[in-house]
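Per-entry structural report
Spelled out, the chains give:
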Amino acid sequence: MDALSNLLGGIQVALQPENILFCFLGVLLGTLIGMLPGLNGAAGIAVMLPLVLVLEPVTALIMLAGLYYGAEYGSTISAVLLNTPGDGASLVSVMDGHPMAKAGKAGKALAIAAVSSFTAGFSTVLALAVIAPLFASVARSFGPPETFAIMVLGLIVVGGVVGDNPLKGILMAILGTIIAMVGMDSQTSILRLAFGRPELFSGVDLVVLIVGVVALAELATQGASRSRQPIRTRWRDMLLTRRDLGRASGSIARGGVIGFLIGVLPGAGSTLASFFAYDVEKRVTRDKSMFGKGEIRGVAAPEAANNAAVNGAFVPTLTMGIPGSATTAILLGAFILFDIRPGPMLFDQQPDLVWGLIASFLIGNLMLLVMNLPMAPLFASVLRVPYRYLYPVLFAVAVMAVYSISGSLFDVFMTLGLAVFGVLMKNQGYPVAPLVLGLVLGGMIETQLRRSVLIGDNSLSIFLERPIALVILGLAALLVLIPVLFRTIRARRRTTEQIKAPVLH
C-alpha cells in the first residue's frame, strides 16, 4: 500500500502542467533523436543537458527520462525502415522488423513495437515502485566502507560491461576518477592536476565533459554517414488484428519480465536484455521457421525487454547511485548537476522528486503510444533528410549551450578538445560512458574512502573488518582479474599451437 500511495502522490507531481509539457517534449525529442542512426538516449541527454539546467530539478529530470525511453522507441523506427538500428538494443529488432517491412508489413512492425514498449514499460513502472524502496531500505544500513565498495563495484561493472573490451572500459572508468581529482582538494585546499590554469581550479565541469566526449564525439562520428531512403509506411498499415496481438501477448509478457530483471543489474543495460529476450523467445516457440524472416514475436519480445530494462535500470540508479546502464550513467550526471545525490536517503529526503519522476514514466509511456501509433509514418519522413544537414545543427546547439552556461571560451575549447578525444577513443574501441561515470562518482568515492579511513583510526584495515565491504571489493577485484586471466590463457594457448604446428618446407 505504501508503494501505491507514494505512486499516487508522484502522479500529482507529474501531472503539473509544466511537467506534462516537458515530459511530452522529452519523449518527442527522444523519438526524433533515437531515429538518427548511431545516436541514442545517452547522446540525446548529453545534447539537451545544458539546456535544461534552468528548469526545476524534477521537471528537468522528467524531460531527460522521457528523452531516454523515447529514444529507445525512436531507434526502432530506423531499425525497421532502414535496417539501421539507432542503438545496440534495437539491433535485435532489425532481425525480424526489417524483413516484415520488406514484406509490406512495416506498419505492423512499428505498431507491435509501440504496443510492446508501452505494455512492458507501463507494467514495470509498478514493479519499480515496489522494488526500489526495498533496495533503498537495505542500502540505508550501509556505512562509508560499504558505500565506497558499492561505488567501486559499480564503476568496475559499468566499465567492464559497456563496450567490447572489459579492460578498455575499466581503464576509461579509472581515467574518469583521475579527472575528478582535478582542481582544489576540498579537504586540504591543495591544487591537483590543474597545471597552473585558473579555469581548472574548481575542477573539470561535468557538462563540458558530457557534451564533449558523448554528444559532440557521437555527432562528429555519425555526421559523415549518408542518408538512405527508408521503406515507406502508412497509418492504415499500422492496424493490428486480434490474431497479431494474440500471437505477441506471451512474447510481450516474457520480454517485460526478462528486461526488468536484467535492467536491475548494474551496467547490464537494454542491449543485453533485448538479445536475451529474443533468444528465450526462439527457444520457447515451437515453430522457429519464421524467426529472422519477419516473425512478429521476434519484434515484440526484444521491444518489451528494451523498455522494461529502462525502468529496471532506475532501481540501482535511484537507490544506490549506481547506474543500471550507460545512459543512466549520463543521467546520473544530471542529478549531480542539480546537487541531488541518488542513494538510499533520496526517497526520504526528496520524495516528491523521486515519486514524481517514477510516476512520469507512466505518463510518458502513454504519450509515446498515443503519439507513435498515428504519427510513426510522419516521424519516418525525417529519415529522408540528409544527416549532413541535421547533425551540424545539433553540434552547434550543443556548443552554444556550453557557452551559455559558463560564458567561458576556455570551456568551449575544452569541450571541442574532449570531442576530439572522444572520437579517438571510440575509433579505438574505448567506451566513453565509464569515463563520465568515473567523473560523477570520483569525488564521492574519495569522500567515502576518507570517511572509512577515519572510522578505522586512519587505517585501511576497516575494510577487512566489514564483511559486506570486503565481499563487494573482492567481487570488484575478480571482475578486473578475470578478463586479464582469460586473455593470458588464450595467448598461451595460441603460442602453444604455433609451436606445435608443423613447419612447412
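Residue numbers restart at each chain and count upward from 1, following the sequence in its written direction. It should be noted that, the model being predicted, local features are given only for residues of pLDDT at least 70 and side-chain atom pairs only at 80 or more, the latter also being counted only at that level, while totals for whole chains, interfaces and linings use all residues. With hydrogens and water stripped out, all remaining heavy atoms of the structure feed into the side-chain values.

**Structural notes on the overall build of the protein**
The numbering of helices and of strands both runs from the N terminus, where a helix is a DSSP run of H or I of at least 4 residues and a strand a run of E of at least 2. What the protein contains, in helices and strands, is 19 helices and two strands. Classification of residues uses two cut-offs on accessible area relative to the type maximum, computed with a 1.4 Å probe and protein chains only: under 20% is buried, over 50% is exposed, and between them is partly exposed. Taking all 505 residues of the protein together, the buried fraction comes to 55%. Residue contacts follow a heavy-atom distance rule, with two residues in contact if any of their heavy atoms lie within 4.5 Å. Taking all contacts inside the protein whose residues are at least 6 apart in sequence as the whole, residues at least 24 apart take part in 80%. To measure how exposed things are, a 1.4 Å probe is used in the Shrake-Rupley method; for residues, cover is taken only from the protein chains shown. Carbon and sulfur atoms form 65% of the exposed surface of the protein, whose accessible area is close to 21,900 Å².

**Observations concerning empty space enclosed by the protein**
Two kinds of site are reported from a 1 Å grid over the protein atoms alone, namely cavities, where a 1.4 Å probe fits but cannot get out, and pockets, open sets with protein on both sides within 12 Å along at least five of seven lines, and residues are called lining when an atom falls within 4 Å of a point. Grid points are joined across faces, edges and corners, and a volume is the space filled by probe spheres set on the points. Per the stated rule, a full pass over the model turns up two cavities of 30 Å³ or more. Looking at the largest cavity, the residues that line it are Y73, A114, S117, F118, N307, N365, L368, L369 and N372. Among the elements that take part in the lining of the largest cavity, helix 14 (residues 351-380) stands out by supplying four residues, more than any other. Split into classes, the residues belonging to the lining of the largest cavity amount to five nonpolar, four polar and no charged. For this classification, Asp, Glu, Lys and Arg are treated as charged, while Ala, Val, Leu, Ile, Met, Phe, Trp, Tyr, Cys and Pro are nonpolar and the rest, including Gly, are polar.

**Quick notes on the pattern of salt bridges**
The rule for a salt bridge is simple: a side-chain nitrogen of Lys or Arg has to be within 4 Å of a carboxyl oxygen of Asp or Glu. Under the counting rule described, the total for this entry stands at 11 salt bridges. A salt bridge links E199 to R197; the nearest nitrogen and oxygen atoms lie 3.2 Å apart. The exposure class assigned to E199 is partly exposed, which follows from its relative accessible area of 33%. On the basis of relative accessibility, which here comes to 38%, the residue R197 falls in the partly exposed class. Sharing partners across several salt bridges, the network here consists of D185, R192, E446 and R450.

**What to know about the packing of helix 4 (residues 57-82) against helix 12 (residues 326-337)**
Viewed as axis vectors pointing N to C, helix 4 and helix 12 meet at an angle of 170°, and their least axial separation amounts to 11 Å. Looking at the two axes, helix 4 sits roughly antiparallel to helix 12. On helix 12, the residues touching L61, L64 and Y68 of helix 4 are T327, T328, L331, A334 and F335. The residue inventory of the contact of helix 4 with helix 12, partitioned by class, reads six nonpolar, two polar and no charged. Axis lines are fitted through C-alpha atoms, for helices just across the contact stretch, and the angle between N-to-C directions can take any value from 0 to 180 degrees. The cut-offs work like this: below 35 degrees is roughly parallel, past 145 is roughly antiparallel, 65 to 115 is roughly perpendicular, and the gaps in between are oblique.

**Observations regarding helix 16 (residues 409-427)**
Here helix 16 contains 19 residues, and its C-alpha end-to-end distance of 27 Å stays within 8% of the 27 Å for a straight helix at 1.5 Å per residue. Along helix 16, the residues that are buried comprise D411, V412, M414, T415, L418, A419, G422 and M425. Viewed along the axis of helix 16, the buried residues span an arc of 155°, placing them on a single side of the element. Exposed residues on helix 16 whose side chains face more than 90 degrees from its buried face are L409, F413, V420 and N427. Just past helix 16, the residue G429 takes up positive phi, approximately 85°. Helix span, as expected, comes to 1.5 Å for every residue beyond the first. Here the arc refers to the directions that run from the helix axis out to each C-beta atom.

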